[in-house]
Amino acid sequence: MAEKKATRAAYGETLVELVNEGVDVVAVDADLTGSTTTKVLGQEYPNRLINVGIAEQNMIDVAAGLSLTGKVAFTGSFAVFGTGRVYDQIRNTVCYSKLNVKIAPTHAGISVGPDGGSHQMVEDISLMRTLPNMRVLVPSDYMSAKQAIRIAAAADGPFYVRLGRAKLPQVYGPDDIFELGCAKVLNEGSDVTIIACGAEVNESLEAAKLLASQGISAEVIDAFCIKPLDAETIIKSAEKTGAVITAEEHSIYGGLGSAVAEVLGENLPTKMVRIGMQDTFGTSGSADELFKEFGIDAESIAKAAAKLIGK
Amino acid sequence: MASCVTPDGIKKIAYSASVMRYDIVDMISKAGSGHPGGSLSATDIVASLYLSGIMNCNKDNLDDPRRDRFVLSKGHAAPVLYAVLAQIGVIDREELGTLRQLHSRLQGHPDHLKLPGVEVSTGSLGQGLSISAGMALGLKMSYGSEAPTVFTLIGDGESQEGQVWEAAEFANHYGIANLVAILDYNNLQIDGHCSDVMDVSPVTKRWEAFGWHVIEVDGHDIEAVCNALQEAKDYQDGPVMIVAKTIKGKGVSFMEDQAGWHGKAPDADQTKQALEELKATIAAAREEMEA
Ligand SMILES: Cc1ncc(C[n+]2csc(CCOP(=O)(O)OP(=O)(O)O)c2C)c(N)n1
Ligand SMILES: [Mg+2]
């Protein structure tokens, strides 16, 4: 099996590739260039990495200004600061003026680990998804993260790309092509649908194996694009299985689970369970420990799925 | 110092500014809401910027990437921006009457997606300096020593926002010389005088301490404002802050230096009185101009 890699590892290096290809990319970061990996861009192209110091509000609006002069501007920091602390800058400047700014902080979710709850952002999908003009991508491994960054860079206007710190198993190969608004069916099944994003995609694939050993056929879908959401793929699968689990490293409020519930509630009411953070903050621990602690590991997903279909 | 604008030019700007003040009160009165105080305090500054020729921005070059730019960071003063856009022909004066109405391009706060000439939407205070610094840096990256200048107007109350000082240290650290900020120093915010609510003094020392070149000016002396703008644009050693001492509500006797006129439309009687005063100012400015 291929070496595990964090989604953040795709960030700086993909920006370098984009510049090499002639895209007018600039990254603005806030004293976390090593953690976010934008440092790599600065090493290749010193002028294209702008470090604003520990000043996240300024980071977002400097990126806004850069975008107004034709740059494709990416912003960094940790997801908790890079979305939460600067919500108003993203709302009133980036989204309200529909600027070409890509919000791509790293360290989203509880897989951040030992730093604890203050640093584990579990509300970001919710915050970003509610903003008009914003599109939201949640890659599940290094390869899909590279493509998410490319999709965001290629399409004009605001994007949120959710990147993480933890090293994740590789789900995709170089030939898997992603598109805005398209989910990926990774495992076809007939008894239950598991729709996941980010680190939970791999957990869900593992859950499907556990379920298979119990004779339950689970369909696993990588949502990838939370906004616009691939309603067609979701409805089609729900029609087939009649039971849907969502799994995300994020609050059950406002994230993927909510988005799927909105689509199904209006089109095809389906019994559902949302796996995610149950209205709680994270805590210190290793990523593996935390996934178990908060019930978002493969085993918990498999249990919930079996229970949902009465097995 | 010889003026960068001719005496006749200054008289013309003064005349236009008097018309803008009339338009500001008129449009806010028709809208039934809006922010007269901070629009009137900034009128002479905004008129000088757009009408002196110092800022290379006019109705024919709004799509030219090499134009100079203006960001109205204190977005609630939208009426002064609309009034000057009418002066330079980007919008018809008639359209000013649609301020704040459903489907109008003239939103309560400037909307980049609706109205040409609005470089970026503003309204949430404290952000314009960061945006302008980013714009100026982007222009420097693209055009080097030929980079256009970015001008921005911020309020004194607005400068209480922490982000303003993030931008201040940033512009200094990156030596962004094609950035010119103007502080509308009227010593008023919503809840009263800044010196009572949250003192912003000593303004000049604060900006100097952040490494900015500071120019102090009477914000209602058009010749002095033009000279300051030209000096600031020419200054190559870093960002410049023009501290413009102003009177909130300037030009309407009962609005001057009154916190109560920050965000309120005049009623019918008040409108009549204000417009009469402003008509007299226009007549006097025209006489000066034609003398
Ligand atoms: C972030 C933010 N907080 C509060 C407001 C509400 N508000 C609008 S204008 C204003 C006072 C502004 O005072 P100042 O900057 O001095 O403006 P001026 O006196 O020039 O009108 C306030 C608090 C706002 N628009 N944005
Ligand atoms: Mg003020």
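Residues numbered from 1 in each chain as written. Chains lettered and ligands numbered in written order. Predicted model: local features only at pLDDT ≥ 70, side-chain atom pairs only at ≥ 80, totals over all residues. Heavy atoms only, no water.

**Student:** Requested: an account of the overall build of chain A, with residues and values cited.
**Tutor:** When helices and strands are tallied, chain A shows 13 helices and 14 strands. For 311 residues, the compact-globule estimate of 2.2 N^0.38 gives 19 Å, and chain A sits close to it at 19 Å. Overall, the C-alpha framework of chain A stretches about 60 × 40 × 35 Å when taken along its three principal axes. Burial analysis of chain A (311 residues in total) assigns 63% to the buried set. By sequence separation, contacts in chain A at least 24 residues apart represent 78% of the contacts at least 6 residues apart. (Helix = DSSP H or I, 4+ residues; strand = E, 2+ residues; numbered from the N terminus. Rg over C-alpha atoms; globule rule 2.2 N^0.38 Å. Buried < 20%, exposed > 50% of the residue type's maximum accessible area, 1.4 Å probe, protein only. Contact = heavy atoms within 4.5 Å.)

**Student:** Residue-level account of the packing of aromatic side chains, with values.
**Tutor:** All names here are of chain A. Scanning all chains against the criterion turns up 10 aromatic pairs over all chains. With a centroid separation of 4.5 Å and an interplanar angle of 45°, the aromatic rings of Phe 178 and Phe 224 are classed as tilted. On the criterion of sequence distance, the pair formed by Phe 178 in the loop between β8 (167-168) and β9 (184-187) and Phe 224 in the loop between β11 (218-222) and β12 (225-227) is long-range, its members being 46 residues apart. Here Phe 178 matches Phe 224 in class, with each residue buried. For Lys 184, the ring lying beneath its charged end belongs to Phe 178, and the centroid distance is 4.8 Å. (Phe/Tyr/Trp six-rings, centres within 6.5 Å; stacked < 30°, edge-to-face > 60°. Lys NZ or Arg CZ within 6 Å of the ring centre and 35° of its normal.)

**Student:** Break down the sheet that holds strand β13 (residues 243-251) of chain A for me, with residues and values.
**Tutor:** Residues and elements named next belong to chain A. Taken together, the five strands give an open sheet; going across it, the order is β9-β11-β10-β13-β14, and neighbouring strands pair in mixed fashion. Across the chains shown, the open sheet's two edge strands, defined by having one partner strand only, are β9 and β14 (271-277). Adjacent strand axes in the sheet meet at a mean angle of 25° when their direction is disregarded. Looking at chain direction, strand β10 (residues 192-196) and β13 are connected through four bridges and run parallel. Looking at the pairing, Ile 195 lines up with Thr 246 of β13. Taken strand by strand, helix α11 (residues 256-267) contacts β10, β13 and β14, and its axis lies near 150° from that of β13. (Pairing = 2+ DSSP bridges. Axes fitted to C-alpha atoms, helices over the stretch in contact; angles between N-to-C directions.)

**Student:** Give me the sheet that holds strand β6 (residues 213-218) of chain B: which residues, what numbers.
**Tutor:** Residue and element names in this part refer to chain B. The sheet built from five strands is open, its strands ordered β1-β2-β3-β7-β6 with parallel pairing. Each of the sheet's edge strands pairs with one partner strand only, and the pair in question is β1 (69-72) and β6. The sheet shows a mean angle of 20° between the axes of neighbouring strands, direction not considered. Contacts between helix α9 (residues 222-234) and the sheet are confined to β2 (150-155), β3 (179-185), β6 and β7 (240-245), with β6 contributing the most and set at about 170° to the helix.

**Student:** Kindly report on the side chain of Asn100(A), identifying the contributing residues and their values.
**Tutor:** All names here are of chain A. Its place among the elements puts Asn 100 in the loop between α6 (87-95) and β5 (101-103). Overall, the relative accessible area of 14% leaves Asn 100 in the buried class. Within the structure, the side chain of Asn 100 is placed 2.5 Å from the side chain of Lys 102, a separation counted as a polar contact. Among residues more than four places away in sequence, those in contact with Asn 100 are Ser 67, Lys 71, Val 72, Ala 73, Ala 155, Asp 156 and Gly 157. (Polar contact = N/O pair within 3.5 Å; in protein donor to acceptor, adjacent residues only side chain to side chain.)

Structural measurements only, silent on function.
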